[in-house]
Amino acid sequence: GAHILSGNVFETKALDELLPDWQSMEGCPLKTKVSKEKFLVLSEKSYFSVPSFLLPPVQHNKGNYITSLANLCRWLGQVAEGMGVEIYPGFAASEILYDEQGKVRGVATNDMGLDINNEKKDSYEPGIELHAKVTVFAEGCRGHLGKQLINKFNLILILINFQYSWQHQRLVFPLWTISLYEKA
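Computed from a predicted structure; not experimentally measured.

Rules and cut-offs
Residues numbered from 1 in each chain as written. Predicted model: local features only at pLDDT ≥ 70, side-chain atom pairs only at ≥ 80, totals over all residues. Heavy atoms only, no water. Helix = DSSP H or I, 4+ residues; strand = E, 2+ residues; numbered from the N terminus. Buried < 20%, exposed > 50% of the residue type's maximum accessible area, 1.4 Å probe, protein only. Contact = heavy atoms within 4.5 Å. Areas by Shrake-Rupley, 256 points an atom, 1.4 Å probe, with all protein chains shown as cover. Phe/Tyr/Trp six-rings, centres within 6.5 Å; stacked < 30°, edge-to-face > 60°. Lys NZ or Arg CZ within 6 Å of the ring centre and 35° of its normal. Pairing = 2+ DSSP bridges. Axes fitted to C-alpha atoms, helices over the stretch in contact; angles between N-to-C directions. Salt bridge = Lys/Arg side-chain N within 4 Å of Asp/Glu carboxyl O. pLDDT = per-residue confidence, 0-100.

Visitor: Hey, could you run me through the overall build of the chain in this one?
Guide: Scanning the chain for helices and strands turns up 3 helices and 12 strands. Residues classed as buried in the chain amount to 19% of the 184 residues present. Within the chain, residue pairs in contact and separated by at least 24 positions form 50% of the contacts whose partners lie at least 6 positions apart. Taken as a whole, the chain presents about 14,600 Å² of accessible surface, with 55% of it coming from carbon and sulfur.

Visitor: What is the right way to read the packing of aromatic side chains from this model?
Guide: Any two aromatic rings considered together are summarised by their centre-to-centre distance and by the angle between their planes. Per the stated rule, a full pass over the model turns up 2 aromatic pairs. Taken together, a centroid distance of 6.4 Å and an interplanar angle of 55° make the contact between Tyr98 and Phe153 tilted. Taken as a pair, Tyr98 in strand E6 (residues 93-98) and Phe153 in the loop between helix H3 (144-152) and strand E11 (155-162) lie far apart in primary sequence, 55 residues in all. Looking at Tyr98, the relative accessible area reads 25%, which means it is partly exposed. Sitting above the plane of the Tyr98 ring, Lys152 keeps its charged end 4.6 Å from the centroid.

Visitor: Help me understand the sheet that holds E6 in this model?
Guide: What links the strands of a sheet is backbone hydrogen bonding, and the strands pair in either a parallel or an antiparallel sense. Ordered by their spatial adjacency, 3 strands build an open sheet running E6-E7-E10, and the pairing between neighbours is antiparallel. Both outer strands of the open sheet, E6 and strand E10 (129-131), are each paired with one neighbouring strand and no more. Sheet twist, expressed as the average angle between the axes of neighbouring strands with direction ignored, equals 25°. The sheet contact formed by strand E7 (residues 104-109) and E10 spans 3 bridges and is antiparallel. Bridge pairing in E10 places Val107 opposite Leu130. On the sheet, H3 packs against E6 and E7 and is oriented at approximately 30° with respect to E6.

Visitor: Would you mind showing me how to read the pattern of salt bridges here?
Guide: Close approach of charged atoms lets side chains of opposite charge pair. Counted under the stated rule, the structure contains 1 salt bridge. When the shortest N-O distance is used, the salt bridge between Arg105 and Glu129 registers 3.7 Å. Here Arg105 is found in strand E7, whereas its partner Glu129 is found in strand E10, with 24 residues between them in sequence.

Visitor: I would appreciate a short explanation of the sheet that holds strand E1 (residues 7-10) in the present structure.
Guide: Across the sheet, which stays open at both edges, the 3 strands sit in the order E1-E5-E2 with antiparallel pairing between neighbours. Since the sheet does not close on itself, it has two edges, and those belong to E1 and strand E2 (32-33), each with one partner. Taken together, the 4 bridges between E1 and strand E5 (residues 65-68) define a ladder with antiparallel strand orientation. Bridging from a neighbouring strand, Gly7 pairs with Ser68 of E5. Here helix H2 (residues 69-82) sits on the sheet and contacts E1 and E5; the angle it forms with E5, its principal contact strand, is near 80°.

Visitor: What exactly am I supposed to notice about unusual backbone geometry here?
Guide: What you tend to see is this: most non-glycine residues have negative phi, and most peptide bonds are trans. Notably, Asn118 is not glycine yet its phi reads approximately 70°, a positive angle. Here Asn118 shows up in the loop between strand E8 (112-114) and strand E9 (120-125).

Visitor: Any chance you could explain the confidence of the model for the chain here in plain terms?
Guide: Atom-level detail of predicted coordinates should not be read off regions where pLDDT is low. This prediction gives the chain a mean pLDDT of 82; 81% of its residues lie at or above 70. Low confidence marks residues 160-179, where pLDDT is under 50. Its contacts with residues over four positions away, or in another chain, come to 33 contacts.

Following this line, the structure appears as structure tokens:
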């Protein structure tokens, strides 16, 4: 979450299920509810408003919260760590580790402090192996480790990407649905 700079309109259904008392938890960054909304289509010289009843449900934000995504991720990280989850920000997983039966047992990070010739600098630190009962791969939709898992375990990745474009300027609204299935 250290690189998340986006503002966000946050729908709380998943958070309500995960942390039912989130509103009373210390440091929660969700403070400002959406009380009024307007959807505008902009052109170079003007705009027009689209009536709410014409918009799909995903575009209705009344009752959701306006927040900084960086603050929300930081807070959720603190909550998770308070529950015993180990989070290693700033360390990218570079390799999947498997046990003798071929099951995922964790990840390894890259060595740090290497120069352009891959020689150790004074700041050198070797990569580490992180072993876990459960390893969550949260590297985004184009992650290199996810692709390895898909190939190794013969999975099918179904990825639906809806993108909207407007005239010469590209306005992209991505909505990702990712499902993994074992091939028959």
